Amino acid sequence: MGCSMSRLLKATVALVILVLLFMPGAMAAAAASFDASRAQQLPLPPGEVHGPESVAFDAQGRGPYSGVSDGRILRWNGPKLGWTTYAYGPGYDSETCTTSRFGTEADIESRCGRPLGLRFNEKTGDLYVADAYKGLMRVAPGGGEATVLVNQVDGFPLCFTNGVDVDQVTGQVYFTDSSMNYQRSQHEMVTRTGDSTGRLMSYDPRTSDVTVLQAGMTYPNGVALSADRTHLVVASTGPCKLLRHWIKGVNAGTSEPFADLPGYPDNVRPDTKGGYWVALHREKNELPFGRDSHRLAVRVGNDGKIVEEMRGPKKVRPTEIMERSNGKIYFGSVELPYVGVVKRK
């Protein structure tokens, strides 16, 4: 009996160690969770494009808008009309910006652009676009060809423009450049090498001035302005963290850790309660086998604590979560051929 109890105790200890190793955050207080496995799909035009990375809505509530693999920004017009072209970058050509006919995806992206983060200025109707290859762009109200606003800063080109947000009061635009060494097509190298050449920047649309708020960052990705407009929350993908960069107050110009995450974050977007939705490309130490469920995203409160998580199948790897006032949650993915829509039960 004593030997049996000893073996049982050892087995229990071993199990606890495995949980700590392979299930980060498992010992923390459990957050509320909901399942997004049965999400509604807004399918992109079949066989043409994929990867609706970001999700945006204009001031009139139209959308979602999303950038896709051939360099265009599409708008959803309801199930009857589906997706239509809203905007595109300089150099876009419908005949040559098709992967299957004119080269690899990396070739197409470098020539036609790859829109990542999207955000409207709700006062002016301008859509700001973080294009991985072309830089920070602006699309005038009504759509059409985008104008490149910033493609280099302080003599150094933007190599991997990624996230963007807009201060709806001042019009100031905040955006990230994930690396000065690697382009989006080499994004895995940014994580693998621990590259820390990323930058967080601001653009003033009144003067066209660009300011580097912080340099030497490790894979800065999505960025979101806080509800009180005092700081920015920036996803640091490789380290699986959120950072807080102060833009007002006594701490202005400084950064600090904000949240540790159970996975690799992509875009950050405000929730409806003063916190943030953070899309997770995958979990830390995620295994390809076992239960077909993982965290798609987490909701982080304004204190940096995880308060909710969204789960779904492992084949779904979101890049952005956008919650609307009607309770619907939209998610984009750089890999999938649709935008997902889910609502808590």
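Throughout what follows, the structure given in this document is the object of discussion. Just so we're clear, the structure is a prediction, and the values are computed from it rather than from any experiment.

1. Let's talk about the pairing of strand β8 (residues 135-139)
- Most of β8 is tucked away, with 4 of its 5 residues classed as buried.
- Bridging between strand β7 (residues 127-131) and β8 involves 5 bridges; their strand directions are antiparallel. The residue bridging Leu127 from the neighbouring strand is Val139, located in β8.
- Taking the residues that link successive antiparallel strands as the turn, the β7-β8 hairpin has 3 residues.
- Pairing geometry for β8 and strand β10 (residues 147-150), over 3 bridges, is antiparallel. Within β10, the residue paired with Arg138 across the bridge is Thr147.

2. Things to note about the packing of aromatic side chains
- Enumeration over the complete set of coordinates arrives at 8 aromatic pairs.
- Residues Phe57 and Tyr330 carry aromatic rings whose centres are separated by 4.9 Å and whose planes lie at 70° to one another, so their mutual orientation is edge-to-face. Remark: Tyr330 occurs in strand β26 (residues 328-332) and Phe57 occurs in the loop between β2 (40-43) and β3 (65-67); sequence separation between them is 273 residues.
- With a relative accessible area of 9%, Phe57 lands in the buried category.
- Its relative accessible area of 10% is what places Tyr330 among the buried residues.

3. Digging into the environment of Glu286
- Take Glu286: it is sitting in the loop between β22 (276-283) and β23 (294-300).
- Spatially, the C-alpha atoms of Glu286 and Gly263 are 8.7 Å apart, while their sequence positions differ by 23 residues.
- A polar atom in the side chain of Glu286 sits 3.0 Å from the backbone nitrogen of Glu283.

4. Focus: the sheet that holds strand β21 (residues 263-270)
- Read across the sheet, 5 strands follow the order β1-β24-β23-β22-β21 without closing on themselves; strand pairing throughout is mixed. This sheet does not close on itself; its edge strands, each paired only once, are β1 (32-35) and β21. Put simply, the sheet's adjacent strands are angled 25° from each other on average, direction ignored.

5. With respect to the environment of Asn181
- Within the secondary structure, Asn181 sits in the loop between β14 (173-177) and α3 (187-192).
- C-alpha separation for the pair Asn181 and Ala32, spaced 149 residues apart in sequence, amounts to 39 Å.
- Sequence-distant contacts of Asn181, defined by excluding residues within four places in its chain, comprise Cys159, Gln186, Asp195 and Thr197.
- At a separation of 2.8 Å, a polar atom in the side chain of Asn181 contacts the side chain of Asp195.

6. Remarks on the sheet that holds strand β9 (residues 144-145)
- Taking strand neighbours across the sheet as the criterion, the 4 strands line up as β3-β4-β5-β9 in an open arrangement whose pairing is mixed. Whereas interior strands pair on both sides, the edge strands pair on one side only; in this sheet they are β3 and β9.

7. Quick notes on the nonpolar core
- With 15 residues, the main nonpolar core has Trp277, Met310, Ile321, Ile329, Phe331 and Val342 as its most contacted residues.
- Listed by contribution, the elements that provide at least two residues to this core are β22, β23, β26 and β27 (338-343).
- With sequence-adjacent residues up to four places away left out, Met310 is seen in contact with Phe34, Ala36, Trp277, His294, Arg295, Leu296, Ala297, Ile321, Ile329, Phe331 and Val342.

8. Some points on unusual backbone geometry
- A cis amide bond links Gly63 to the next residue, Pro64, at an omega of 10°.
- For Pro64, the position within the fold is in the loop between β2 and β3.

9. Here's the deal with the pattern of salt bridges
- Enumeration over the complete set of coordinates arrives at 20 salt bridges.
- Between Asp204 and Arg206 there is a salt bridge whose closest N-O contact spans 3.2 Å.
- Residue Asp204 is classed as buried on the basis of its relative accessible area of 13%.
- For Arg206, a relative accessible area of 64% gives the class exposed.
- Between Glu320 and Arg269 there is a salt bridge whose closest N-O contact spans 3.6 Å. A residue pair is termed long-range when its members are at least 10 positions apart, and Glu320 in strand β25 (residues 320-323) and Arg269 in strand β21 qualify at 51 residues. Across the pair, Arg269 and Glu320 agree in class, each one buried.

10. Side note on the environment of Asp177
- For Asp177, the location among the structural elements is in strand β14.
- The buried category is assigned to Asp177, whose relative accessible area is 0%.
- Considered as a pair, Asp177 and Lys314 are 137 residues apart in the sequence and their alpha carbons are 28 Å apart.
- Setting aside anything within four residues of it in sequence, one finds Asp177 in contact with Pro157, Leu158, Cys159, Phe160, Thr161, Gly198, Arg199, Met201 and Pro220.
- Only 3.2 Å separates the side chain of Asp177 from the backbone nitrogen of Cys159, close enough to count as a polar contact.

Criteria and thresholds
- Residues numbered from 1 in each chain as written.
- Predicted model: local features only at pLDDT ≥ 70, side-chain atom pairs only at ≥ 80, totals over all residues.
- Heavy atoms only, no water.
- Buried < 20%, exposed > 50% of the residue type's maximum accessible area, 1.4 Å probe, protein only.
- Helix = DSSP H or I, 4+ residues; strand = E, 2+ residues; numbered from the N terminus.
- Pairing = 2+ DSSP bridges.
- Phe/Tyr/Trp six-rings, centres within 6.5 Å; stacked < 30°, edge-to-face > 60°.
- Polar contact = N/O pair within 3.5 Å; in protein donor to acceptor, adjacent residues only side chain to side chain.
- Axes fitted to C-alpha atoms, helices over the stretch in contact; angles between N-to-C directions.
- Contact = heavy atoms within 4.5 Å.
- Core = buried A, V, L, I, M, F, W, Y, C linked by side-chain atoms within 4.5 Å.
- Salt bridge = Lys/Arg side-chain N within 4 Å of Asp/Glu carboxyl O.

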